[in-house]
Structures are given as structure tokens and as C-alpha cells.
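Breakdown of the fold
The residues making up each chain are set out below.
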Amino acid sequence: FWAKQREAMRALKVDRDVARAVMLLREAVVLDPAHEDTRYYLASAQATLGDVPGALAELETLARLNPSSHRALARWGTLRAQTARNKADLVAAEASLLQAHDLNPEETGALLALGEISLMLGDRTRAAERLGAACAAHPRAAGGLFLLGYLHWTRGAERQATELLARA
């Protein structure tokens, strides 16, 4: 297992041969189906290659193996949101990101993604709350500052928008 795992990580991070890394990670996961890092990196590599259904399936497996896996829930939610085709996809992404945020509320990535989803769903009030909370926890969260600036701009609050965009 460890030989395959190390070879896969070298292919992924050093050689940047994602296709080879996927092949090696699949071989490694056969040898140790419960290894969380292997499943997580396999999902990430699959997503990089455009195999979103495969990546989501790996992340679902990881979340079943470890229901407390913040990274499985957060990555599944962000990947689902990035590839959403309808409101149901965004709602599913939001549910997964809420679980991730509940597991680790100090981590702002899920909260930023939740703010983005709220914006996509047309809930500007909730978007502002979530983005504001993320920026309060991480004052240099450029994406959150930018989107808050956008929200202020759409309300005609140009001074606040300009300040937030300058901070971003």
C-alpha cells in the first residue's frame, strides 16, 4: 500500500501527472479501502481530470467511512456547487457544507462557499450574513470581501462597496 501511495503522491505533486496518480491511487485504495487520504486525493485528482461523478462518489464513500470528515463534506459541497445544474444541486451542496461547517466552525472555507450558494439561490440577506461571518473570522478573505462589496454595490451603498473591494 505505502509504495503505491508514495508513488501516487509523487505522480500528483511532483510530476503533475494526474492521470497516472489516479491509476495509482485506485490501486492503493484497493489495498486499503479505508485510507482517508487516498480516497480524498483520488477524488481531487478525478475532479481535476473532469470526472466529477467519480470524484463525488469517492467523497461520498469517504464521508460514509468517516462521518466526521470535514474535508470530505466540504469538498463534496463545493464540487457539487461548482457543477450545479439546478436548485436541487445547490441545496444538496448547501446541506453538505452546513455539515462541514458544524464539524469545524473555525474553518472559513465552508462558510464562504455557503455565502456563495446563498447568493446563487437569491438569498442576499443570508449571503451577507455568511460572508460577513467568514470575513469576521478571517479578515483577509478576499473572495468574501469581494462578494460583500458586490452586495453593497447592488444596494447602492457605493462607499461601503468601495471600501470592501479595496480590502479585497
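Here the structure is a predicted model, which means the values were calculated and not measured.

One pair of aromatic rings is described through two measures. These are the centre distance and the angle between the planes. With the rule as written, the count across this model stands at three aromatic pairs. Centre to centre, the rings of Phe1 and Trp2 are 4.9 Å apart; their planes meet at 75 degrees, and the pair counts as edge-to-face. When its relative accessible area of 22% is taken as the criterion, Phe1 is described as partly exposed. Look at Tyr150 and Trp153: their rings are 6.3 Å apart centre to centre, the planes differ by 35 degrees, and that puts the pair in the tilted class. Residue Tyr150 and its partner Trp153 are both found in helix H9 (residues 142–154); the two are separated by three residues, about one turn of the helix.

Further remarks concern the environment of Glu106. With respect to the element layout, Glu106 can be found in the loop between helix H6 (87–103) and helix H7 (108–120). Counting along the chain gives 78 residues from Glu106 to Ala28, while the straight-line C-alpha distance between them is 32 Å.

A few words on the environment of Leu42. Tracing the backbone through its elements, the reader meets Leu42 in helix H3 (residues 36–48). Aside from chain neighbours lying at most four places away, what touches Leu42 is Val22, Leu25, Arg26 and Glu58.

Cut-offs and rules
- Residues numbered from 1 in each chain as written.
- Predicted model: local features only at pLDDT ≥ 70, side-chain atom pairs only at ≥ 80, totals over all residues.
- Heavy atoms only, no water.
- Phe/Tyr/Trp six-rings, centres within 6.5 Å; stacked < 30°, edge-to-face > 60°.
- Buried < 20%, exposed > 50% of the residue type's maximum accessible area, 1.4 Å probe, protein only.
- Helix = DSSP H or I, 4+ residues; strand = E, 2+ residues; numbered from the N terminus.
- Contact = heavy atoms within 4.5 Å.

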